[in-house]
Amino acid sequence: MAVTGLLLVAFLFAHMAGNLKIFVGAESFDHYAHWLRRIGSPLLPETWYLWIQRTVLTVALIGHVAAATILTRRARQARPVRYAHRPKVQGSYAARTMRWGGVIVLLFVIYHILDLTTGTLNPIGDKAHPYANVVADFAPGRWYVTLVYTLAVLAVGFHLRHGLFSAVRTLGQQTPRGEQRAKAVSLALSISLVAGYLSVPFAVLTGLVR
Ligand code: HEM
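Residues numbered from 1 in each chain as written. Predicted model: local features only at pLDDT ≥ 70, side-chain atom pairs only at ≥ 80, totals over all residues. Heavy atoms only, no water.

Some details on the overall build of the chain
Next, step 1: Along its length, the chain carries eight helices and zero strands.
Next, step 2: If one aligns the C-alpha atoms of the chain with their principal axes, the spans along those axes are about 55 × 45 × 35 Å.
Next, step 3: Here the chain holds 210 residues, and the buried ones make up 32% of them.
Next, step 4: Taking all contacts inside the chain whose residues are at least 6 apart in sequence as the whole, residues at least 24 apart take part in 66%.
Next, step 5: If you sum the accessible surface of the chain, you get close to 13400 Å²; carbon and sulfur atoms cover 69% of it.
Next, step 6: The chain carries 21 positive and 7 negative side-chain charges, and their two centres are separated by 22 Å. (Helix = DSSP H or I, 4+ residues; strand = E, 2+ residues; numbered from the N terminus. Buried < 20%, exposed > 50% of the residue type's maximum accessible area, 1.4 Å probe, protein only. Contact = heavy atoms within 4.5 Å. Areas by Shrake-Rupley, 256 points an atom, 1.4 Å probe, with all protein chains shown as cover. Lys, Arg positive; Asp, Glu negative; His and termini not counted. Charge placed at Lys NZ, Arg CZ, Asp CG, Glu CD.)

Below, the structure is given as structure tokens:
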């Protein structure tokens, strides 16, 4: 879970940083999106790197879900008789919502790819002009799209807060002081990720980016 999760987190931060280019302007954002297709050139033919990245991310995602399923099954087998009474509050909100949070994020990623990568669900859907696609997507009249993105990004934030903390523990962190530090760092990273992602739709919604 930890290794595949950290790979996905690395993508999340890189993608968020790339999205912030929207504040530099249309030309810069579109140039960046076109550059993504040329990474590795001339060693690799165009879009090869992108496809390698897509393959690695898909394998990491499948591995992450498979590991979660195996761990859940193991936990159930370790306690075949269900608790007669299970206290409602168990761990943090994030810890309790990892499974459903993960499913929501997965469904969002499918919608998001159909929206901004293939353009199928986007009002413009012009692959050559991603800036225009983003601006059309989060236009004030389409506030419900911003709402969907906001809920999904918050789900990512909660998932990440607990996920990062657990990953640090899996990878060897054991002291109480280290645990406090890991908690604080996970929270700070999750908040910056959520803020970075949400800044884009809200900048469009409020007319800061047009
Ligand atoms: C409000 C926040 C977001 C914005 C504005 C945004 C924007 C974009 C845009 C413009 C693309 C298309 C890039 C291109 O083809 O040139 C894209 C692709 C993608 N985004 Fe996002 N994104 C956001 C949040 C997220 C989140 C939270 C995730 C993951 C949980 C995510 C995962 C992806 C993936 C997997 C792709 C496909 C990359 C590929 O083509 O291989 N995005 N995003």
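A short note on the coordination of the iron atom of the ligand
Next, step 1: Distances from the iron atom of the ligand to its protein donors, His15 (NE2) and His112 (NE2), fall at 1.9 to 2.0 Å.
Next, step 2: Seen from the iron atom of the ligand, its six donor atoms lie at angles of 87 to 179°, and the figure they make is octahedral. Remark: His112 occurs in helix α5 (residues 98–117) and His15 occurs in helix α1 (residues 2–19); sequence separation between them is 97 residues.
Next, step 3: Judged by relative accessible area, which is 23%, His15 ranks as partly exposed.
Next, step 4: With relative accessibility at 17%, the residue His112 sits in the buried group. (Donors = N, O, S within 2.8 Å, 3.2 Å for Na, K, Ca; no water. Tetrahedral: all angles 85-135°; square planar, octahedral: opposite > 155°, others 65-115°.)

Re a nonpolar patch on the surface
Next, step 1: A contiguous nonpolar surface patch, about 610 Å² in accessible area, is contributed by Trp100, Val103, Leu107, Ile110, Leu114 and Leu121.
Next, step 2: Within the secondary structure layout, Ile110 lies in helix α5. (Patch = residues over 30% accessible without salt bridge, like charges linked within 9 Å, V, L, I, M, F, W, Y side chains within 5 Å. Salt bridge = Lys/Arg side-chain N within 4 Å of Asp/Glu carboxyl O.)

Some details on the pattern of salt bridges
Next, step 1: In the structure shown here, the tally under the stated rule is two salt bridges.
Next, step 2: A salt bridge links Asp137 to Arg142; the nearest nitrogen and oxygen atoms lie 2.8 Å apart. There is no split in this pair, since Asp137 and Arg142 are both buried.
Next, step 3: In this structure, the salt-bridge partner of Arg169 is Glu179, at a minimum N-O distance of 2.8 Å. Of this pair, Arg169 sits in helix α7 (residues 143–170) while Glu179 sits in helix α8 (residues 176–205); the two residues are 10 residues apart in sequence, bridging distant segments of the chain.
Next, step 4: Overall, the relative accessible area of 45% leaves Arg169 in the partly exposed class.

Brief notes about the nonpolar core
Next, step 1: Grouped together as the largest cluster of nonpolar side chains are 14 residues, with contacts concentrated most on Ile22, Tyr131, Val134, Phe138 and Val209.
Next, step 2: Among the elements of the structure, α6 (130–137), α7 and α8 are those that each provide at least two residues to this core.
Next, step 3: Counting 13 residues, the second-largest nonpolar core is a separate cluster that includes Val9, Leu12, Val153 and Val156. (Core = buried A, V, L, I, M, F, W, Y, C linked by side-chain atoms within 4.5 Å.)

Things to note about the packing of α1 against α8
Next, step 1: As a packed pair, α1 and α8 sit with axes 9 Å apart at the nearest point and diverge in direction by 40°. α8 is crossed by α1, and the crossing has left-handed handedness. Note on element contacts: α8 touches α1 through Leu189, Ser192, Leu193, Gly196, Tyr197 and Val200, opposite Leu12, Phe13, His15, Met16 and Asn19.
Next, step 2: Split by residue class, the contact of α1 with α8 holds seven nonpolar, four polar and no charged. (Axes fitted to C-alpha atoms, helices over the stretch in contact; angles between N-to-C directions. Left-handed = near helix turned anticlockwise from the far one by under 90°. Nonpolar A, V, L, I, M, F, W, Y, C, P; charged D, E, K, R; others polar.)

Here we look at the confidence of the model for the chain
Next, step 1: Put simply, the chain has an average pLDDT of 92, and 94% of its residues get 70 or more.
Next, step 2: Here helix α4 (residues 93–96) stands out as the least confident element of the chain, with mean pLDDT 60; α6 is the most confident, with 98. (pLDDT = per-residue confidence, 0-100.)

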